[in-house]
Every structure is written in structure tokens, then in C-alpha cells.
Amino acid sequence: MADVESRSWIGGEWAAQAGEIVEVHDPSEVSREVGLLHLSEAAAASEAVEAARYASAAWDRQGSPARAEALSAMAAALERDREAVAALASQEMGKPITEMRGEVARGVQILRFYAAEGVRAVGEVIPHSQTQVLQYTTRRPLGVVGIITPWNFPVAIPLWKIAPALLCGNTVVWKPAESASLTAARLAQLAAASGLPAGVLNLVVGRGSEVGQALVEAAPLDGLSFTGSTATGMRVAAAAAARNIKYQVEMGGKNAAVVLNDADVDLAVSAVVSGAFRSAGQKCTATSRIIVQDGVYGAFCDRLRQAMRAVRLGPALHPDTYVGPLASEAQFEKVSRYAHQAARATVVAQAPVEGVDLGAGYFVPPTVVTDVAPGDPLVQEEIFGPLAAILRCASFDEAVALCNQTVYGLSAAVFTRDLSQGLKFLDAADAGMVRVNQETAGVEYAAPFGGLKQSGSHSREQGTAALDFYSHTKTCAVYYGP
Ligand code: NDP
């Protein structure tokens, strides 16, 4: 019997009872139960918004230096509990413990970053055409913000939304992914223990199609931030636009790493392996297309084959595991369909599976294929698993054309020793985050995060860009004459 539970936390209280109870199983060993979810029904969305609304005025009045203290206290609480949070998340959604520890540390940094923003200058003074008028801008909170998060970064994504939302003076209703709801409840517990006032952060645990949809379509929100699939994100965006709620949706990616003839091949291979296979490829910024120029193709494939021999597939809690299982049965079924398609292409490299009990969990061996057409589903669709495809190209221009031949535009990288080609690529690649000699995944929390085309709604998260989303700018003018 599981002793770990998750349920909604509304107005500073854990929901007394809810409808359906769902068992959570470890994706590394699916026969092992790790916890229970008490799923709330749709009405919980409006109840949580009501609680958040009630807490809103007092939270706004506290001022940002006091709110910054609250974020610092949350950072300290998370840091103290970091090992337990990382272990819980690894068992809930299968991210290897070494990566999960890094993600929790990132969560602490995010909280501290926004805490520091709480004492910085806000707004600007703008000369007025009339004398004796002080004209300036300031930021005001949106009010109650809905936050809907995926399971692939169960700590970092929620915190990079919640922390700037709270700092700006909003109160929050957070709907985590079902596959990350145990971790979400632990984070809510830590927030409560660190002294966050009741109702400032509310958690609704339930199905996306019920509680999530009720939040998006009916609950009286003032702002909405979503990360997840493009299909759901587009529906969320349409519903928010129809209600004229300020919204942002961060969605899918099909990110390319371009390897030019003059690349440092060792550097490119190590960035491609990490970009494609950490988190079992379940990152929106994961490398899933590798575009290699003819002159380096043979050397790149040879080095990649060697590097893949060292990629360790295994249970998430094992300290040597580099690639863990997929997060859930739904993920496993979806990615397995692509793996069957990939098996019909030419396999360039695959991680060893000896010693791995593939049947125990949701394991899919990391694989790189080639000889696939640029229009193939493996090259065009977001697989969100440990599969990547190599495309060959003859020239820089062809590489850029292939890189941009996608509906997505999140992240792109080029590997070259030629600064001029690198800079030209940064201009030409249709992606919100572009790199030279760096992997497509792995983003600094102080820098803007977001994509072009179908990857997002064109606003940015993280860094100070997030403060623009979670606040309104007010233009103030004060006549103090004659
Ligand atoms: P979804 O986009 O459906 O889920 C993301 C979040 O939205 C979850 O919290 C989910 O809740 C919630 N949600 C689901 N339906 C609705 C709705 N109608 N209204 C409001 N909220 C809703 O992604 P999945 O988890 O189902 O994953 C499916 C695929 O999406 C993956 O295989 C991957 O390709 C892609 N994906 C991409 C991500 C990215 O960052 N690019 C992140 C996650 C997924 P619940 O979990 O309870 O359904």
C-alpha cells in the first residue's frame, strides 16, 4: 500500500475527499505501486479560483520585497528536501535520478532568481509634453493565474511559471499533469511549510480533460500559462482568446542539430547524444533531427556508434542510468509505434540493452536512424522519445532549408568551426533559441525561453521576460503644478 498521496490543495487545505482514486506505478518497474492520486472533479477548478481570488488582495498589498522573502523561504524548503523530491519524481515519471537532482537544484535557483527580482527597480520615468507632470510606468498583477504543466519537468516547469507569477503579485491555481501529481503535491506541501499564505498557491489534482478543461473554459481566471503538446496547447489558446484572457502556451518541438563539414565531430556527437537522449528524449528542446553535411557524414556516424555503446539504459533510481524509461504507458505506446517505423529505416546506432529487463518498465532503446525522407513522420512529428533521425545534406544552404522544414520552431543548433557560418545560421534558423556548438536542449533559467511557429504563442518564459507575461504595464501620470 502506498504511503505517498496526492490530492487537491485549495485555500490552504487538502481536499477532504475526491472522486476517483488512481494508483501510480513506477515506470522503471510497473508492478511497483509508488502512490495514490485522489482526482478532483471539474468543480475543483472554480473552487480553487475562488480561494485564489480571496487571497489576492492581501498578497498584492504585501509588496514585492515581502513576496521575494516568501520565494526565498520556498527555495530553502526545497533545498532541504531536495533528495526526497528528486527520488519521488524519478519514481513517478522515470527521469534518471542524476538528472532529477539537477532539475531540483534548478528549481531552487529559479526561486532564488525571482526572489532577487523582488527588490529590483520596476518601470521607467517618461518625459511628459506638459510641465509639472510626472509620467511613469509600473507593473500590476493580472489577478488569478491558471498554470497547467506537463510531466517531463515535474519541478522546473511548474516553478518557472509559479515563481514569477507569485512575485508579480498574482495568486495561482496550478493543474499539474496527472503523471507528475505526486511530485506536485510534495511541492505544494513544501510551499505551505515554508509559510506561503493560504490560497496564494492552489493545486488542483485531476484529469486534464475534466479539471484542466474546466480551468481553461469556465473558471474566472485573469491569466493562463500552459506547457504541453501542440494539440492541447492550441485548444487552450483558442479558449483563452475567446474569453480575452492573457495567455501563453509553450508547445512542441522538432529540433535540429546541424553538423557541417568543419565541425568538431567529438563535440557534435556528445551534444547530439545528450540532446537526443537525456530524459529519454522527452524534452520539448530534445534533438530529434540530425542534419549532417556529406563531407563529415562517415566520421560522424562512426563516432556516434562508438558513443552510443556507452549510453546506459536502466531504472531511473540506478546511479549509472543515463536513459530511463518513458514516463507512462501512454508515452510507451505512442513512442513504440514510432520505434516500429524506425526499425524499417537504416539503424545507424543503438544503445546496448544487455542486462536491462526491458519488459519490467516502459523502456525503449535509444536509436538513431538514417535513409528517411525529409517528409517522413519520424522527421516531422514530435515523437517525444529516444529516437532521432539523420538527414544528409550537400551544403550550408541545404542544411538551413532542412532545418526550417518543420511546423515547429523551438530550438536549433549548428556545429562548425567557422564563426561566419555559425552567425549566419543564428540568423537563418527559424527557432526561438539558436546555438553554435551547443546542444539544442538545456536552457539557462535567466534567459528568455520560447519558440516560433507552432512551438508557442510567441511570448517568452523564464528570466525577466516572464515578468512581462505575469503583469500588466500601467502608464501613470501625476500633475503636481502649478
Ligand atoms: P498534454 O498537452 O495533453 O498535457 C499537458 C497538460 O495539459 C497536462 O497537465 C494535462 O493534464 C493538461 N491537459 C490535457 N488536456 C487538457 C485540456 N483539454 N484542457 C486543459 N488542460 C489539459 O500532453 P500529454 O501529457 O497527453 O502528452 C502527449 C504528447 O504531448 C507527448 O507524447 C508529447 O509529444 C507532447 N508533450 C509535449 C510537451 C512539450 O513540452 N513540448 C510536454 C508534454 C507533452 P493531464 O496530464 O491530467 O491529462
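All of these numbers come straight from a predicted model, not from anything done at the bench. (Residues numbered from 1 in each chain as written. Predicted model: local features only at pLDDT ≥ 70, side-chain atom pairs only at ≥ 80, totals over all residues. Heavy atoms only, no water.)

Overview of a nonpolar patch on the surface
Now for step 1: The grouping of Val125, Leu134, Val478 and Tyr480 at the surface amounts to a nonpolar patch, some 400 Å² of accessible area in total.
Now for step 2: Mapped onto the fold, Tyr480 is located in the segment after strand S21 (471–479).
Now for step 3: For Tyr480, a relative accessible area of 55% gives the class exposed. (Patch = residues over 30% accessible without salt bridge, like charges linked within 9 Å, V, L, I, M, F, W, Y side chains within 5 Å. Areas by Shrake-Rupley, 256 points an atom, 1.4 Å probe, with all protein chains shown as cover. Salt bridge = Lys/Arg side-chain N within 4 Å of Asp/Glu carboxyl O. Helix = DSSP H or I, 4+ residues; strand = E, 2+ residues; numbered from the N terminus. Buried < 20%, exposed > 50% of the residue type's maximum accessible area, 1.4 Å probe, protein only.)

Observations concerning the nonpolar core
Now for step 1: Core analysis: the biggest nonpolar cluster contains 67 residues, and Leu71, Leu78, Trp174 and Leu196 have the highest contact counts within it.
Now for step 2: In terms of domain composition, this core takes at least three residues from each of domain 1 (5–251 + 456–476) and domain 2 (255–444).
Now for step 3: In this view, Trp174 contacts Ile147, Thr149, Pro158, Ile162, Ala184, Leu187, Leu201, Asn202, Leu203 and Val204; residues no more than four positions away in its chain are not counted.
Now for step 4: Among the nonpolar cores identified, the runner-up in size contains 63 residues, and Val296, Val311, Val356 and Val400 belong to it. (Core = buried A, V, L, I, M, F, W, Y, C linked by side-chain atoms within 4.5 Å. Domains from an automatic or database assignment. Contact = heavy atoms within 4.5 Å.)

Some points on the site of the ligand
Now for step 1: Close to the ligand lie 27 residues; Thr149, Trp151, Ser229, Gln331 and Lys334 are nearest.
Now for step 2: In this structure, an oxygen atom belonging to the ligand sits 3.4 Å away from a main-chain N or O atom of Ala177.
Now for step 3: For the ligand, whose accessible area on its own is 860 Å², the fraction buried by protein is 85%.
Now for step 4: When residues of the shell around the ligand are traced back to their parent elements, those giving at least two are helix H7 (208–217), strand S10 (223–227) and helix H11 (329–343).
Now for step 5: With four residues, H7 is the largest single contributor of residues to the shell around the ligand.
Now for step 6: Here the shell around the ligand is built from residues that sort into ten nonpolar, twelve polar and five charged.
Now for step 7: Of the domains in this structure, domain 1 (5–251 + 456–476) and domain 2 (255–444) are the two that each give at least three residues to the shell around the ligand. (Near = heavy atom within 4 Å. Polar contact = N/O pair within 3.5 Å; in protein donor to acceptor, adjacent residues only side chain to side chain. Nonpolar A, V, L, I, M, F, W, Y, C, P; charged D, E, K, R; others polar.)

Topic: the environment of Leu37
Now for step 1: Assignment of secondary structure puts Leu37 in strand S5 (residues 29–38).
Now for step 2: Non-local contacts of Leu37, meaning those with residues more than four positions away in its chain, are made with Ser6, Glu20, Ile21, Val22, Val24, Glu178, Ser181 and Leu182.

A short note on helix H8 (residues 230–242)
Now for step 1: The terminal C-alpha atoms of H8 lie 18 Å apart, and with 13 residues this matches the ideal 18 Å at 1.5 Å per residue to within 8%.
Now for step 2: Taken as a whole, H8 has its buried residues at Thr230, Gly233, Val236, Ala237, Ala239 and Ala240.
Now for step 3: For H8, the elements touching its buried residues are H7, S10, strand S11 (246–250) and strand S17 (408–409). (Expected span 1.5 Å × (residues − 1).)

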